[in-house]
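Listed here are the chains, written in short residue letters.
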Amino acid sequence: MEAITITLNGREVSGHTGMTVLELARESGVDIPTLCHDPCLAPIGACRICLVEDERSGRLSASCVTPIEAGMVINTESPKVQERRTTIIKLMLSSHPDSCLVCDKGNTCELRKIASDIGIGVIDMQRIPQPATIEEVNPFIERDLSKCILCAKCIRADQEMVVEGAIDYINRGFASKPATLNDMPLENSECTFCGTCVAICPTGALMEKQPVYRGTTPTNVSTICPFCGCGCSINLGVRDNRIVRARPGKESTVNHGTLCVRGSYGYDFVHSPERLTSPLMRVNGDFEAVSWEQALDHMSSELNRIKKAHGSNSLAVLGSSRCTNEENYLLQRLARCVLGTNNIDNSSRLYSAASIAGLGAAVGFAGSTNCLDALEQSEVILVIGANLPASAPIVGYAVKRAARYKGAKLLLVDPQQTRLASFAHLWLRPRIGTDVALINGMARFIINEGLLDDEFVTRKTDNFEALTKDLKKYTPKYVEKVTGVPGEDVCRAARLFAEATLASIVYGNGITQHVTGTDSVMALANLAMLTGNIGITGGIFAMQRYCNGQGACDMGTTPDLLPGYQSVDNDAERKRFADRWGTDLPVNPGLTALEVMEQAKDGNVKGICIVGENPVLSFPSPSLVKQALESLDFLVVSDMFLTETAKLANVVLPAASFAEKEGTFTNFEGRVQQLHKVIEPLGDSLPDWEIINRMASSMGNPMPYSSLQEVMDEIQEMVSLYQITDYRDSQTKDIHRAELDRDPLKKRRLYKGQFPSGFGRFSPVHYEPPAEMPKDGYPLTLLVGSILYHSGTGSRSSRSPRLRAFSPEAYVEIGESDAGQVGISDGESVKVISPIGEVNAVAKITDTMPEGMLFMPLSFPSTPVNQLFGITLDPRTKTPALKACAVKLERAEPHG
Amino acid sequence: MPEANAAFQQIKNDALDHVQRFYDGSKPVIMVGTATCGRAAGALEVLGVIRKALDKEHVDAAVLEVGCMGHCYAEPLVIINKPGHPAMAYGYVTPEIAQRLVRDYVIGEDPSLEFTLGALEENDLIPSIYDLPRYSYEQHIILTNCGYIDPEDIRQYIAKGGYEALDRALRMQPQEIVDEVRESGLRGRGGAGFPTWQKWEACRDAPSKPRYVICNGDEGDPGAFMDRAILESDPHQVIEGMVIAAYAVGARYGYIYVRAEYPLAVRRVQIALRQARSLGLLGRNILGSGFNFDIKLFQGSGAFVCGEETALIASIEGKPGIPRYRPPFPAVSGLHGKPTLIDNVKTLAYLPQIINNGSEWFAGIGTEGSRGTAVFALAGKVINTGLTEVPMGTTLRQIIFDIGGGIPNGKRFKAVQIGGPSGGCLPEAALDLPVDFDSLSEAGAMMGSGGMVVLDEDDCMVEVARYFLEFTQRESCGKCTMCRLGTKHMLEMLTDITQGRGRVEDMETLQELAEDIKAGSLCGLGKTAPNPILTTLKYFRDEYEAHIKEKRCPALMCHDLIAYYILPDKCERSCDACVGTCTVEAISSNRKGIKVIDQEKCVKCNTCLDACPPQYNAVIRLSPPELVPASKDKK
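Residues numbered from 1 in each chain as written. Chains lettered and ligands numbered in written order. Predicted model: local features only at pLDDT ≥ 70, side-chain atom pairs only at ≥ 80, totals over all residues. Heavy atoms only, no water.

Visitor: Before we move on, could you go through the overall build of chain A and cite the residues and values that matter?
Guide: For chain A, the count of helices and strands is 30 helices and 36 strands. The C-alpha atoms of chain A give 29 Å as radius of gyration, which agrees with the globular expectation for 896 residues (29 Å, within 12%). Principal-axis analysis of the C-alpha atoms places the extent of chain A at approximately 90 × 70 × 70 Å. Burial statistics for chain A: of 896 residues in total, 66% are counted as buried. Partitioning the contacts of chain A with sequence separation of at least 6, the portion at a separation of at least 24 is 73%. (Helix = DSSP H or I, 4+ residues; strand = E, 2+ residues; numbered from the N terminus. Rg over C-alpha atoms; globule rule 2.2 N^0.38 Å. Buried < 20%, exposed > 50% of the residue type's maximum accessible area, 1.4 Å probe, protein only. Contact = heavy atoms within 4.5 Å.)

As structure tokens, this is what we get:
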């Protein structure tokens, strides 16, 4: 890039081609006030505050949109500039209400700040108020456009950052304002209440609804959002040990100033009145609040008793993909060293075990192969089995930005019409459970047409011949028959994917929660390797439902793997851990989560310790799970709330929320990010890591950690994936960024395009007809998934007042023709019945569902969708099929 | 490329054949001007009457709809071309006159000279229209065919030499065309007068593809209708110009942007595009040259700001019509981020003739810095409203008085508003200013797209400034602070002044604010919006002072500053004309029978003034209202 030298306020400074005067000035330490400029947005030069004078011509120009030119003589503070700037601020203030004293924006208002910098006190202009009614029907955002200065940041944030297209300019002249289509209320628009506009608004025009406090918060702490696996940085404003506001962390390389509705407004479950604030112990059938000593004493004597009487393997532990890495590490150590069993598993068994097995076998590492920025740079993005706008909104934003602004072509595979459909270049709607056939069909076409990346396949992979042979039967015709996708579309999709230099694959629970989940993941890996799209660019992106689904598995809360995916029957590795922990470790792989339940029902498992998980709701066949837990001798649950599972426990331990503890989460990219303590634990609650420590001590086998830091140190020492210098340093906010140029990266990613083991391995997989196909008497296929306004089984999101207010009850989405057949109208109460069970829900008739298919969210505790599922396990990973099942539909009350 | 030549020759021969058969001298040809100006005056009714009359009398005559000749004041306009007679133009044609013309001239032999504007060709008997004084000042280049050909028949355009320039251009190197345009000195007719060739060269040198050519027909100024008239009267010259421009810059696609409020222009352009395409003058492999270019018509939704090029482009892209900052200029990054040449209707219309007659010919017309002609739409208090095309450098006086015929009703000229809401008001002292890009901007006005509104002594200059500002404020896109809030503040101040609430310091505040907005706005709309205020403050300061200091409107126009009064010595006692018309019963007779207006009741509707018979002229307006003598006797 060419260097350009200009004179700035009498000083010579240099920048490069393409830089604006504003950028160069800021780089040179010269402050120019701005209102409509934001580094996350394309500049528009609307507010005119940043006017500067070119002294050669005397012309004024907006520095944010003026490119630097050699020889410019810029004065940022000339009398002319100052005079215009003053006029602009006066014009704005003369149309701005005098409500600064009661405005929630307080001293973070940028208009007020610039006015005071310039020294404007009295407005000597006529007051011309902007007429506006305050919009406050929705539970999230309050719009008071009388304070709007029309910087259009909200409009641009909506269009450029989150690409929802909910708002734009409306009207002209003085009446112009940002508005939804036809100026409807936000809740009737495309708005998803992500809060990005609220965070970016320079004045008090856009604020959170229901603020508990008006004004600036004294403390603001950045931490990591506790909901999905995206791992967004959120900045929490705190007053009086209460979180009053959440804003996107600006510095984050994950979310770049954006959030979703869960991140912006879902945090309030922390202050739910239902939070447990002291340990509970079941006495004569009822819970009683007890002291920590009492609870732990009771627990340890019971567990020790069972261990002694029935052996270590009569005990089991369930960890959580919502707990930190440190907590999961401690928990598996508790299970293996203190209880002496490998019966330990975590909830990602239910969602993403297929990724670990599938990617582990093909790529050699169990997780996404690249970072989010690389995804956004792709030329073709294949999104399959993932409703990103609902399940991983930040990844959804990146995909939409790539498709809308960066020329990427989106190849969408989803039977359901998600919000991504309108961004798709090509949208395939296969029958449920036929993904393997579709992907194999694409792979076959790529090989047959010679579109594969020969060099990559030859030099970096093996087992190619077996794959070629096995794919023979997946002709377009066969694939069309199986999937329902026209053969020519399969070929088009394959060609599109293969011909892109940079292509990425994004998949989610729509792939992994099927019985054939592992097969599908392997098929996707085959596709990526065939086209040479695993490396420094492009890649496979495996979505995680929960904030630490990746980390929980990395930490070895699994029955067969030690921390860092070392097999428990690998003697050398087991010895390494045994030496470090100073005790022998159980040799045989333990029971997976579902197997634990089965064994408990059969009386072989007698005591279970559950940390942060709610199997009664999240596992299939809740009645069986309930029966299993009820038949236990002893159940101890550590949770924030008295969940459906905790209600069955003998001892319930009150856990602190994400905001009350330190630790790390590993997001879907494999980025290890630090949590920071925002408030003190409520009541007597404690962070799970401390609870686990206390449990170990009380069982007479204390673990040698006096601080969380020592746990971190040990993880770093023992888990090669986490051998990152900065991991130790709690001041580093984003460990991933620090690690970018470091060698250890190659352990997590395909460093310089090299597979961890040297070669990627093609694994031929075959299409098996799905078990969830419609059958006699159950003509419809029900899809179950997450929705934007809730998270997981809803134990947290249903306790967030604002999320619950907006999305209060379960519904079932029904296509128009299916609804017509059963005679159901919108808003009516219906029964969804499977061979296993039934649930009631409100009918929501949409045009997004194909015929024969229904959708239900899984996040409403009062409507446990999993009641409809029996236990069908992926043979490789023992993951239960929880995505789809055959059902029929009935009206809840027949017409009278 | 001889093939191209042959292909075109064939097209041309066919067209000539057709037209010659039409004018074979066997039957009269009657042309009715049915552009919007004609229609507003009743041309369609006249057309119907003529057709019916011919039918009834079984006269074999051809009836053609043509565009606007520029004599909008005389619409409906009918041309009768009778074999053996010079073609005759008739103005102010009513259905009755039309009836008579058919009877007396088409069937009979009486040319009805009392209705004629003149003959359209030199002859020994009847004075020619070209003997009118205006024609000694006018020089028609792009208006040449307007009003003389059927805009819905491409063959008539071709028979007049149309598309010859395209044929010629396609056999030139693109660079030669750009050179020709540079030599001609053609500057953009959209208002700013940017040298056309510079845009072309920038667009052609921009590396990315495809390139676009856009014809900006989003004419939105109050009082301007040149582009509409050209698109309605001779759309092919614009299309031909666009294809030439596209060939010169290497563009593949084009848009003609016309506002939906011009339905007739939209229809005629659509027909023209279809016809050009069917003859291979547009689309793939134009005239066998291998050059591909096609044009779509885009209908704008009527926002004034969409005349600004970047807003227009946003509008085509389906976004709100809001300007963006420049650079990058559209020539480098325009429609969909691709190099886009965007030129005004008139600029493009000049091209065929520049290619046909050479740059030297064009450069020989007009003044040093402003070559060629200028087309103005004369409107307001001028006798001959309509279009005129004059060489650059013609003075305002010549345009308004010699071409426009001066001010009607013997009133005094006060000012001329040039360039629409972005232009300025020039006073009598500026009448001898030669009209070209540079002298107008020096005087504080601008060429604009060519609107010229003449104001007389009854027009209040403060009110005129307020009117234009109300327009720009309403049409501001609202994006940049200066324009959105600044124009609103100026408008409020002007409203206060016209309503008698002005303060002395307002004049200074207005001046300062106007300069701030001019310097600090994002696009041309904001940068020029203060011009009406700045020029009226400069040339008509006394009127502002009268409003502010004396609460007096010198032109007796500002509602709040005037009162109606009946002069007792002029009032005819037995006449009740005003009493009967007063809508609010504010007028009564006193004991002597003289009419008196109850000022409290009067709503200043002007009805009594209109009703008072001219021989008395007893009702007058007074400003300030306090001048009305206190009434002594109450009934």
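Visitor: Just give me the short version of the sheet that holds strand β14 (residues 451-456) of chain B, but keep the residues and values in it.
Guide: Residues and elements named next belong to chain B. The sheet built from five strands is open, its strands ordered β11-β10-β14-β12-β13 with mixed pairing. Since the sheet does not close on itself, it has two edges, and those belong to β11 (386-391) and β13 (424-427), each with one partner. In this sheet, adjacent strand axes meet at a mean angle of 30° when their direction is disregarded. Packing against the sheet, helix α16 (residues 396-403) makes contact with β10 (373-380), β11, β12 (413-418), β13 and β14, and its axis sits at approximately 115° to β12. (Pairing = 2+ DSSP bridges. Axes fitted to C-alpha atoms, helices over the stretch in contact; angles between N-to-C directions.)

Visitor: Please provide a residue-by-residue account of helix α9 (residues 196-205) of chain B, values included.
Guide: All names here are of chain B. Inspection of α9 places T196, W200 and C203 among the buried residues, and these make up the whole buried set. The arc that holds every buried residue of α9, seen down its axis, measures 70°, which confines them to one face. In the core, the buried residues of α9 are packed alongside α8 (174-184), α11 (235-249), β9 (340-344) and α14 (345-357). (Arc of directions from axis to C-beta.)

Visitor: Could you give an account of the packing of α8(B) against α9(B), with specific residues and numbers?
Guide: Residues and elements named next belong to chain B. It is the contact of α8 with α9, at a shortest axis distance of 8 Å, that shows an interaxial angle of 155°. Judged by the angle between their axes, α8 and α9 are roughly antiparallel. In the packing of α8 onto α9, the handedness of the crossing is left-handed. Counting all contacts with α8, which are made through Q175, I177, V178, V181 and R182, the residues of α9 involved are T196, W197, W200, E201 and R204. Class assignment for the residues of the contact of α8 with α9 results in five nonpolar, two polar and three charged. (Parallel < 35°, antiparallel > 145°, perpendicular 65-115°, else oblique. Left-handed = near helix turned anticlockwise from the far one by under 90°. Nonpolar A, V, L, I, M, F, W, Y, C, P; charged D, E, K, R; others polar.)

Visitor: Lay out the sheet that holds strand β11 (residues 233-239) of chain A with the relevant residues and their values.
Guide: All names here are of chain A. Taking strand neighbours across the sheet as the criterion, the three strands line up as β10-β11-β12 in an open arrangement whose pairing is antiparallel. This sheet does not close on itself; its edge strands, each paired only once, are β10 (219-224) and β12 (242-248). Between one strand and the next, the sheet's axes are offset by a mean angle of 30°, whatever the strand orientation. Two elements, β11 and β12, share six bridges in a ladder whose sense is antiparallel. If you follow N235 over to β12, its bridge partner there is R247.

Visitor: Quick one: what's the story with the domain arrangement of chain B, residue by residue and with numbers?
Guide: According to the domain assignment, chain B contains domain 1 (20-135), domain 2 (162-359), domain 3 (373-456), domain 4 (461-549) and domain 5 (562-622). For domain 2 of chain B versus domain 5 of chain B, the separation of C-alpha centres amounts to 57 Å. (Domains from an automatic or database assignment.)

Visitor: Tell me what's going on with the interface of chain B and chain A, and back it up with residues and numbers.
Guide: At the interface, 31 residues of chain B touch 30 residues of chain A. Carbon and sulfur atoms supply 60% of the area buried between chain B and chain A, which totals about 2,600 Å² over both sides. If you sort the residues of chain B by the area they bury against chain A, B:Y325, B:R484 and B:H489 come out on top, with a joint share of 21%. Counting every contact that joins chain B to chain A gives one salt bridge. A:R84 serves as the salt-bridge partner of B:D516, at 2.2 Å between the closest nitrogen and oxygen. Linking chain B to chain A there are 10 residue pairs in polar contact (both at pLDDT 80 or more). The biggest single contributor to the side of chain B that touches chain A is helix α19 (residues 481-498) of chain B, with nine residues. Among the residues forming the side of chain B that touches chain A, the class breakdown is 13 nonpolar, nine polar and nine charged. (Buried area = accessible area lost by both parts, 1.4 Å probe. Salt bridge = Lys/Arg side-chain N within 4 Å of Asp/Glu carboxyl O. Polar contact = N/O pair within 3.5 Å; in protein donor to acceptor, adjacent residues only side chain to side chain.)

Visitor: Talk me through the confidence of the model for chain A; I want residue IDs and the actual numbers.
Guide: The predicted coordinates should not be examined in detail at positions where pLDDT is low. Across chain A, pLDDT averages 91, with 96% of residues at or above 70. Of the regions scoring below 50 in pLDDT, residues 728-747 of chain A engages in 40 contacts with residues more than four places distant in sequence or in other chains. (pLDDT = per-residue confidence, 0-100.)

Visitor: How would you explain unusual backbone geometry if you had to name every residue and give the values?
Guide: For the peptide bond that leads from B:P327 to B:P328, omega is 0°, which places it in the cis range. With respect to the helices, strands and loops of the structure, B:P328 is situated in the loop between α13 (309-316) and β9. Following B:S623, the chain continues into B:P624 via a peptide bond in cis, with omega recorded as -5°. Along the polypeptide, B:P624 turns up in the segment after β18 (619-622). Located in the positive-phi region is A:Y565, a residue other than glycine, with phi close to 60°. Locating A:Y565 in the fold gives a position in the loop between β23 (561-562) and β24 (566-567).

Visitor: Got a sec to walk through the pairing of strand β8 (residues 294-300) of chain B? Specific residues and values, please.
Guide: Residues and elements named next belong to chain B. Sheet analysis places strand β7 (residues 253-259) next to β8, joined by seven bridges and oriented parallel. By the bridge assignment, V258 is partnered in β8 with Q299. The parallel pair β7 and β8, bridged by helix α12 (residues 263-278), forms a crossover whose chirality is right-handed. (Right-handed = clockwise from strand over helix to strand, strands pointing away.)

Visitor: I'd love a proper account of the nonpolar core, names of residues and values included.
Guide: Counting residues in each nonpolar core, the largest one holds 151 residues, and the members touching the most others are A:I89, A:V383, A:L388, A:V395 and B:Y544. A per-element tally of this core places α19(B) first, with eight residues. The contacts of B:Y544, once residues within four sequence positions are left out, are B:V462, B:A465, B:L494, B:I497, B:M507, B:L510, B:I533, B:T536 and B:L537. B:I230, B:V243, B:A245 and B:A331 belong to the second largest nonpolar core, which has 78 residues in total. (Core = buried A, V, L, I, M, F, W, Y, C linked by side-chain atoms within 4.5 Å.)

Visitor: Hey, could you go over the pattern of salt bridges for me, with residue numbers and the actual values?
Guide: Residue and element names in this part refer to chain B. Tallied over the entire structure, the rule returns 83 salt bridges over all chains. The closest approach of N and O atoms between E152 and R267, which form a salt bridge, is 3.1 Å. Taken together, the residues span a long stretch of sequence, with E152 in the loop between α5 (134-137) and α6 (154-159) and R267 in helix α12 at a distance of 115 residues. Looking at E152, the relative accessible area reads 22%, which means it is partly exposed. On the accessibility criterion, R267 (38% relative accessible area) is partly exposed. Each of R39, E65, E152, R267 and R268 takes part in one network of salt bridges that share partners.

Visitor: Can you lay out the side chain of A:S94 for me, pointing to particular residues and giving the numbers?
Guide: By secondary structure assignment, the location of A:S94 is in helix α2 (residues 79-94). Setting aside anything within four residues of it in sequence, one finds A:S94 in contact with A:I123, A:M125, A:Q126, A:R127, A:I128, A:P129 and B:H489.

Visitor: Quick rundown of the packing of aromatic side chains? Include the residues and the values.
Guide: Note on aromatic pairs: each is described by the distance of the centres and the angle between the planes. Residues and elements named next belong to chain A. Tallying each qualifying case throughout the model produces 28 aromatic pairs over all chains. Ring centres 5.2 Å apart and planes at 65° place the aromatic pair F193 and F806 in the edge-to-face group. Of this pair, F193 sits in the loop between β8 (177-180) and α5 (196-200) while F806 sits in helix α29 (residues 801-806); the two residues are 613 residues apart in sequence, bridging distant segments of the chain. Using a relative accessible area of 26% as the deciding quantity, one classes F806 as partly exposed. By the ring-pair criterion, three or more aromatic residues cluster together here, those being F140, F193, Y265, Y789 and F806. Directly above the ring of F577 sits R576, whose terminal nitrogen or CZ lies 5.0 Å from the centroid. Here the basic side chain of K844 rests over the ring of Y811, its NZ or CZ set 4.2 Å away from the ring centre. (Phe/Tyr/Trp six-rings, centres within 6.5 Å; stacked < 30°, edge-to-face > 60°. Lys NZ or Arg CZ within 6 Å of the ring centre and 35° of its normal.)

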